[in-house]
Amino acid sequence: DAGITQSPRHKVTETGTPVTLRCHQTENHRYMYWYRQDPGHGLRLIHYSYGVKDTDKGEVSDGYSVSRSKTEDFLLTLESATSSQTSVYFCAISESSRQGALNTEAFFGQGTRLTVV
Amino acid sequence: AQSVTQLGSHVSVSEGALVLLRCNYSSSVPPYLFWYVQYPNQGLQLLLKYTSAATLVKGINGFEAEFKKSETSFHLTKPSAHMSDAAEYFCAVSNGGANSKLTFGKGITLSVRP
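Computed from a predicted structure; not experimentally measured.

Reading the values: rules and limits
- Residues numbered from 1 in each chain as written.
- Chains lettered and ligands numbered in written order.
- Predicted model: local features only at pLDDT ≥ 70, side-chain atom pairs only at ≥ 80, totals over all residues.
- Heavy atoms only, no water.
- Helix = DSSP H or I, 4+ residues; strand = E, 2+ residues; numbered from the N terminus.
- Rg over C-alpha atoms; globule rule 2.2 N^0.38 Å.
- Buried < 20%, exposed > 50% of the residue type's maximum accessible area, 1.4 Å probe, protein only.
- Areas by Shrake-Rupley, 256 points an atom, 1.4 Å probe, with all protein chains shown as cover.
- Lys, Arg positive; Asp, Glu negative; His and termini not counted.
- Charge placed at Lys NZ, Arg CZ, Asp CG, Glu CD.
- Contact = heavy atoms within 4.5 Å.
- Polar contact = N/O pair within 3.5 Å; in protein donor to acceptor, adjacent residues only side chain to side chain.

Draft legend 1. Quick look at the overall build of chain B. Across its full length, chain B carries zero helices and 12 strands. Taken against the 2.2 N^0.38 rule, which gives 13 Å for 114 residues, the C-alpha radius of gyration of chain B at 14 Å falls within 12% of a compact globule. When the backbone C-alpha atoms are referred to their principal axes, chain B occupies close to 45 × 30 × 25 Å. Burial analysis of chain B (114 residues in total) assigns 45% to the buried set. Looking at chain B as shown, the accessible area adds up to about 5300 Å², and 53% of this sits on carbon and sulfur atoms. Each charge sign in chain B was given a centre, from 9 positive and 6 negative side chains, and these centres are 7 Å apart.

Draft legend 2. Focus on the environment of Arg68 of chain A. Residues and elements named next belong to chain A. For Arg68, the location among the structural elements is in strand S7 (residues 64–70). With relative accessibility at 3%, the residue Arg68 sits in the buried group. Sequence spacing of Arg68 and Asp56 is 12 residues, and the spatial spacing of their C-alpha atoms is 11 Å. When sequence neighbours within four positions are dropped, the list of residues in contact with Arg68 reads Gln25, His29, Arg30, Tyr31, Met32, Ser49, Tyr50, Gly51, Val52, Lys53, Asp73 and Phe74. Only 2.9 Å separates the side chain of Arg68 from the side chain of Ser49, close enough to count as a polar contact. Within the local environment of Arg68, its side chain forms a polar contact with the backbone oxygen of Thr71, the two atoms lying 2.9 Å apart.

Draft legend 3. Summary view of the side chain of Ser73 of chain B. Here Ser73 of chain B shows up in strand S9 (residues 73–78). Other than its neighbours up to four places away in sequence, Ser73 of chain B contacts Cys23, Asn24, Tyr25, Glu66, Phe67 and Lys68 of chain B.

Structure (structure tokens):
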């Protein structure tokens, strides 16, 4: 199994509080992603990173920020949690076989179940 | 922009029957295509991938998929369903360009009846 660790695995938080989810990899992969999974929506990309300090928005980035200060860690922050952010969050990593091309698979963490009350 | 369409949210088959899960994609450049499986309370696991080599791709657990450019499709099949195949299946596309990313379909839940 690819070395991806998400923490925490479960969290309950109150509306309006900031929350940070951590993704740690031991594979030295270039790309890291944060997705959220909701019934009927599949997986939707929140933010992704293509290198240290290089990040970009996905399709559902509002209310979220990310940081990647070193290769192995990718942090997702909910600046002020809302009930609509209750979801299961997945981190994924991938590498490319040639410069700039993503043609290999992504490896997923086990997910973080976040409940905002 | 790239996208994936998985029609229907649920497929039910009998054990031993053919499994067919449909995936259509949209991409402005030659795509890279993937099928993932998710078992309950787990992360996603790669079943197979198409990366511009053979158009018929074989994956794990007896699954295979065929890339058809003319139909912009990448349907997943398995000749004989097993109870252990019950899971959620996701099709995904990447355009392979600089800073490319994976875009997923909404997923299909496969149920297998005894």
